[in-house]
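So the chains spell out like this:
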There are 2 protein chains.
Amino acid sequence: MTPASETASRVPTAPLLVAAAGGTPAHPPVWFMRQAGRSLPEYREVRKDVPMLQACFTPDLVCEITLQPVRRHGVDAAILFSDIVVPLVAAGIDVDIVPGTGPVVASPVRDADAVAALPTLAAEQLDPVAQAVGLVRAELGDTPLIGFAGAPFTLASYLIEGGPSRHHERTKALMYSRPDTWHALLGALAEITATFLQVQIGAGVAAVQLFDSWAGALSERDYREYVLPHSTRVLGAVSGVPKIHFGVGTGELLPAMREAGADVVGVDWRVPLDEAVRRLTVPGGPAPVVQGNLDPAVLLADFDAIEREVRRVVAQGRAAGGHIVNLGHGVLPNTDPTVLTRVVELVHGLTP
Amino acid sequence: MTPASETASRVPTAPLLVAAAGGTPAHPPVWFMRQAGRSLPEYREVRKDVPMLQACFTPDLVCEITLQPVRRHGVDAAILFSDIVVPLVAAGIDVDIVPGTGPVVASPVRDADAVAALPTLAAEQLDPVAQAVGLVRAELGDTPLIGFAGAPFTLASYLIEGGPSRHHERTKALMYSRPDTWHALLGALAEITATFLQVQIGAGVAAVQLFDSWAGALSERDYREYVLPHSTRVLGAVSGVPKIHFGVGTGELLPAMREAGADVVGVDWRVPLDEAVRRLTVPGGPAPVVQGNLDPAVLLADFDAIEREVRRVVAQGRAAGGHIVNLGHGVLPNTDPTVLTRVVELVHGLTP
């Protein structure tokens, strides 16, 4: 495997990495969360007989799916095709991904005994993921590959609720009622997540994104007390590549998510990027780097409306020290993929 | 029917009305969004053979369900048992409420012709609602009854999507692509909503709450352009009682929601009340009145944790000109109702 520093030196002028480092790239870099997935017919084709988790542990399939949006759209980064629960599955936790439902945990984790019984994750258990990263890198050329992990809070919610949850009520009840058990659980998940990212970096990803999909369900106060120490532990355990930190509905949490150790903070569409930059700026510090923040629903509108919104996002992003153009959440499944390609062409014609 | 001014004079010292007017009540007023509903066994009993919409148009059942939480918990207000789609149904739009799904619209409204074909709502079509308000008032004594309506954006999302929606993508696509059609639709819904609230005020409710459940899916910019004029129209069309305006995840929208004409702005748990007060304060204006904002999930925790959070909410609410204690969203269905009663007792023992 190639050390991360050598990886970085292989793609020094890639617009995404230039922007992530606070520089001005040749053109604004753009990629889309969930670009590898349901919006693409070629994805639905290769996945039609393969369950999600089987796909995530099959290196050549991960490689193919990861590359599909790069080939089709000409985006400035690939994102490793995976799922938030992959490291849990690799560690031996019984989780399945049920179509139409999402992850289903066979034995939800709701007390101290269940937390104590959680397995740890050894790097070797992630060999298929490392192999997939190697395959992708061999095909990608100078386009950076972004590694991927779910953050401890989001993983904890799946484990405690037993699946996707709208209100995270068992999660929050445990958090408020049993803080010791809570912190033990998030500590264990931080270790697993750190290992997951370290393996990807060791295999050569050029950046990582930590997704805390559901952190926006928390107030800043609770985020700082119950979550921030663990996400900080994860981001502190990985080095050598830029670290992107993202959640939805996190307007109140942006400074805390930066403090966790992020080089780039992802912003959803509810907060304009110039306002996000204001919230993220530390007195005397460099201008923060942001990623985002086109509303994915905008991509269902007429292209005139899309173009107007894309131009606005790029213009507002100029307030930042660096800007990676993206959506404010994942691509919606019924997005027309030709629209994504047109957005990439549009962004590439704009001035950073 | 009793004019609103006489209604207000009947209950001048009710803590909720004192707080809504920016005064200091004898004790902090408290009620719970969705207090009349699924958390109560006596509610499940009376509803077990009655479909939701049938219940909403049966005055003695509306009366019973509205009174149940007042009897049980001793809350400082009743909230009229109803549903966001009730005025649409009354106007003759084919909407059903399907258990486990929510409202289902037979013919979604997605173009200018469908908007032009929408019926208007005459006050007489709401006679069962007016009768229910009269029955409740006769039983309530000095406890104020809060009237209820969904705001135009939330109603529009149901009509356009055809039912509940996570991403509101067709709604936003119409909003961005066909602004004329959009504004015509929201204008029609504002008329219907204004009539719905006027009928309730005419029948004697002591306050109204406009629920824009899903406004938090919008940026402030889009809210101001596409929604605010219509919610302003609704709140401007009703008078004589305090007007509460609430949505979930609206930290970015609080000033705009006040500007719509709200006397009281509801706040969810993501923004502490003292920070909400800061955002809502107009230079030179009176201190704003707020409602909220305990996380409903907290009620699933141990009572020690609940008490700590309730005390924090009441303390932070002292920054406001007036504070109505409530949750930051509706009561979750599996909340233990005895906990709600204990929270009311706790709040009533605190200093406003």
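Just so it is clear, the structure is predicted and the values come from calculations on it, not from any experiment.

Draft legend 1. The overall build of chain A, seen in detail. For chain A, the count of helices and strands is 16 helices and 9 strands. If one aligns the C-alpha atoms of chain A with their principal axes, the spans along those axes are about 55 × 45 × 40 Å. For chain A, buried positions account for 63% of its 352 residues. Considering only contacts within chain A whose residues lie at least 6 apart along the sequence, 77% involve residues at least 24 apart. As presented, chain A carries roughly 12,400 Å² of accessible surface, and 51% of it is formed by carbon and sulfur atoms.

Draft legend 2. Region of interest: the sheet that holds strand β8 (residues 289-294) of chain A. The 7 strands lie next to each other as β1-β4-β5-β6-β7-β8-β9 (chain A), forming an open sheet whose pairing is parallel. Of all the strands in the sheet, just β1 (78-79) and β9 (322-327) of chain A have a single pairing partner and so form its edges.

Draft legend 3. Structural context of the pairing of strand β5 (residues 207-211) of chain B. Residues and elements named next belong to chain B. Most of β5 is tucked away, with 5 of its 5 residues classed as buried. Judged from the 5 bridges that link them, strand β4 (residues 145-150) and β5 form a sheet pairing that is parallel. Across the sheet, the residue bridging to Phe 148 is Gln 209, located in β5. In the sheet, β5 pairs with strand β6 (residues 243-246) via 4 bridges, with the strands oriented parallel. For Leu 210, the partnering residue across the bridge sits in β6 and is His 245. You can see the chain leave β5, run along helix α12 (residues 220-236) and come back into β6, and the turn it takes is right-handed.

Draft legend 4. Molecular detail of the UniProt feature "domain: Uroporphyrinogen decarboxylase (URO-D)" (unreviewed entry) in chain A. All names here are of chain A. The positions UniProt marks with the feature "domain: Uroporphyrinogen decarboxylase (URO-D)" (unreviewed entry) are residues 29-38 and 146-162. Taken as a whole, residues 29-38 contains 0% helix and 0% strand, while its terminal C-alpha atoms sit 22 Å from one another. Along residues 146-162 the backbone is 59% helical and 29% strand, and the end-to-end C-alpha distance reaches 28 Å.

Draft legend 5. A look at the pattern of salt bridges. All names here are of chain A. Scanning all chains against the criterion turns up 34 salt bridges over all chains. Residue Arg 224 pairs with Glu 220 through a salt bridge whose shortest N-O separation is 2.9 Å. Of this pair, Arg 224 and Glu 220 both sit in helix α12 (residues 220-236), 4 residues apart, which is roughly one turn of the helix. Among the residues examined, Glu 220 registers a relative accessible area of 30% and is labelled partly exposed.

Draft legend 6. How the structure looks around the packing of aromatic side chains. Residues and elements named next belong to chain A. Summed over all chains, the structure comprises 12 aromatic pairs over all chains. On the basis of an interplanar angle of 40° and a centroid distance of 4.7 Å, the ring pair of Tyr 158 and Trp 214 is categorised as tilted. Placement of the pair is Tyr 158 in helix α9 (residues 152-161) and Trp 214 in the loop between β5 (207-211) and α12, with a sequence separation of 56 residues. According to the relative accessible area criterion, Trp 214 is buried, its value standing at 16%. Plain terms: the ring middles of Phe 211 and Phe 246 are 6.2 Å apart, the flat faces sit at 85° to each other, and that makes the pair edge-to-face. Note that Phe 211 is positioned in strand β5 and Phe 246 in strand β6 (residues 243-246), a separation of 35 residues in sequence. This pair shows no difference in class: Phe 211 is buried, exactly as Phe 246 is. The structure contains a cluster of three or more aromatic residues connected by ring pairs, namely Phe 148, Phe 211 and Phe 246. Just above the ring of Phe 303 sits the side chain of Arg 342; from NZ or CZ to the centre is 3.7 Å.

Draft legend 7. Geometry of the relation of the copies chain A and chain B. The two copies are related by a screw motion: chain A maps onto chain B through a turn of 180° and a shift of 0.0 Å along the axis, at an RMSD of 0.0 Å. Each copy turns onto its partner about a two-fold axis.

Draft legend 8. View of the UniProt feature "site: Transition state stabilizer" (unreviewed entry) in chain A. Residues and elements named next belong to chain A. Within this structure's numbering, the places UniProt gives as "site: Transition state stabilizer" (unreviewed entry) are Asp 83. With respect to the helices and strands, the residue Asp 83 is situated in the loop between β1 and α6 (86-91). Residue class for Asp 83 comes out buried when judged on its relative accessible area of 17%. Residue contacts for Asp 83: discarding those within four places in its chain leaves Met 52, Cys 56, Ile 97 and Phe 148. Side-chain polar atoms of Asp 83 contact the backbone nitrogen of Val 85, separated by 2.9 Å.

Draft legend 9. Up close: the interface of chain A and chain B. Taken together, the contact between chain A and chain B spans 34 residues of the former and 34 residues of the latter. Among the residues of chain A in contact with chain B, Tyr176(A), Glu252(A) and Arg270(A) are the three that bury the most area, contributing 21% of the side total. Inspection of the region where chain A meets chain B yields 8 salt bridges. Here Arg279(B) ties to Glu252(A) by a salt bridge, and the two come within 2.7 Å at their closest N and O atoms.

Draft legend 10. Quick peek at the nonpolar core. Ranked by internal contacts, the top residues of the largest apolar core, which has 266 residues, are Leu185(A) and Leu185(B). Excluding residues that lie within four positions of it along the chain, Leu185(B) makes contacts with Val109(B), Val115(B), Leu118(B), Ala156(B), Leu159(B) and Ile160(B).

Draft legend 11. Fine view of the packing of helix α8 (residues 127-140) of chain A against helix α11 (residues 179-203) of chain A. All names here are of chain A. With their axes 8 Å apart at the nearest point, α8 and α11 run at an angle of 35° to one another. Between α8 and α11 lies a crossing whose hand is right-handed. Contacts between α8 and α11 pair Val 129, Ala 130, Val 133, Gly 134 and Arg 137 from the former with Phe 196, Val 199, Gln 200 and Ala 203 from the latter. Class assignment of the residues belonging to the contact of α8 with α11 gives a composition of 6 nonpolar, 2 polar and 1 charged.

Draft legend 12. Looking closely at helix α10 (residues 169-177) of chain B. Most of α10(B) is tucked away, with 8 of its 9 residues classed as buried. Contact partners of the buried residues in α10(B): α15 (303-317) of chain A together with α9 (152-161), α11 (179-203) and α12 of chain B.

Draft legend 13. Structural detail: the confidence of the model for chain A. On average, residues of chain A carry a pLDDT of 95, and 97% of them reach 70 or more. Contacts of residues 1-11 of chain A to residues separated by more than four positions or lying in other chains number 20 contacts, the stretch itself having pLDDT below 50.

Draft legend 14. Expanded view of helix α14 (residues 273-280) of chain B. Residue and element names in this part refer to chain B. Burial in α14 covers these residues: Leu 273, Ala 276, Val 277, Arg 279 and Leu 280. For α14, the angular spread of the buried residues around the axis is 160°, confining them to a single face. At its buried positions, α14 is contacted by α13 (254-259), β7 (264-266), β8 (289-294), α15 (303-317) and β9 (322-327).

Draft legend 15. Representation of the pairing of β4(B) within the structure. All names here are of chain B. In terms of burial, β4 is largely enclosed, as 6 of its 6 residues are buried. Of the two faces of β4, the one holding Leu 145, Gly 147 and Ala 149 and the one holding Ile 146, Phe 148 and Gly 150 are both buried throughout. As paired elements, strand β1 (residues 78-79) and β4 share 2 bridges and run parallel to each other. For Ala 78, the partnering residue across the bridge sits in β4 and is Leu 145.

Draft legend 16. Spotlight on the environment of Val70(A). Residues and elements named next belong to chain A. With respect to the helices and strands, the residue Val 70 is situated in helix α5 (residues 59-73). Residue class for Val 70 comes out buried when judged on its relative accessible area of 15%. As a C-alpha pair, Val 70 and Glu 307 span 237 residues in sequence and 21 Å in three-dimensional space. Once residues lying within four places of it in the same chain are set aside, the contact partners of Val 70 are Val 75, Ala 77, Ala 78, Leu 140 and Thr 143.

Draft legend 17. Quick look at the packing of helix α5 (residues 59-73) of chain B against helix α8 (residues 127-140) of chain B. Residues and elements named next belong to chain B. α8 packs onto α5 with a crossing angle of 40° between their chain directions and a minimal axis gap of 8 Å. Judged by the inter-axis angle, α5 sits oblique to α8. Seen along the crossing, α5 lies across α8 with a hand that is right-handed. Between α5, through Pro 59, Asp 60, Val 62, Cys 63, Thr 66, Leu 67 and Val 70, and α8, the contact on the second element is made entirely by Pro 128, Gln 131, Ala 132, Leu 135, Val 136, Glu 139 and Leu 140. For the contact of α5 with α8, the class distribution of residues is 10 nonpolar, 2 polar and 2 charged.

Conventions adopted
- Residues numbered from 1 in each chain as written.
- Chains lettered and ligands numbered in written order.
- Predicted model: local features only at pLDDT ≥ 70, side-chain atom pairs only at ≥ 80, totals over all residues.
- Heavy atoms only, no water.
- Helix = DSSP H or I, 4+ residues; strand = E, 2+ residues; numbered from the N terminus.
- Buried < 20%, exposed > 50% of the residue type's maximum accessible area, 1.4 Å probe, protein only.
- Contact = heavy atoms within 4.5 Å.
- Areas by Shrake-Rupley, 256 points an atom, 1.4 Å probe, with all protein chains shown as cover.
- Pairing = 2+ DSSP bridges.
- Right-handed = clockwise from strand over helix to strand, strands pointing away.
- UniProt positions renumbered as here; feature names shortened; annotations may be inferred.
- Salt bridge = Lys/Arg side-chain N within 4 Å of Asp/Glu carboxyl O.
- Phe/Tyr/Trp six-rings, centres within 6.5 Å; stacked < 30°, edge-to-face > 60°.
- Lys NZ or Arg CZ within 6 Å of the ring centre and 35° of its normal.
- Least-squares fit on C-alpha atoms with pLDDT ≥ 70 in both.
- Polar contact = N/O pair within 3.5 Å; in protein donor to acceptor, adjacent residues only side chain to side chain.
- Buried area = accessible area lost by both parts, 1.4 Å probe.
- Core = buried A, V, L, I, M, F, W, Y, C linked by side-chain atoms within 4.5 Å.
- Axes fitted to C-alpha atoms, helices over the stretch in contact; angles between N-to-C directions.
- Left-handed = near helix turned anticlockwise from the far one by under 90°.
- Nonpolar A, V, L, I, M, F, W, Y, C, P; charged D, E, K, R; others polar.
- pLDDT = per-residue confidence, 0-100.
- Arc of directions from axis to C-beta.
- Parallel < 35°, antiparallel > 145°, perpendicular 65-115°, else oblique.

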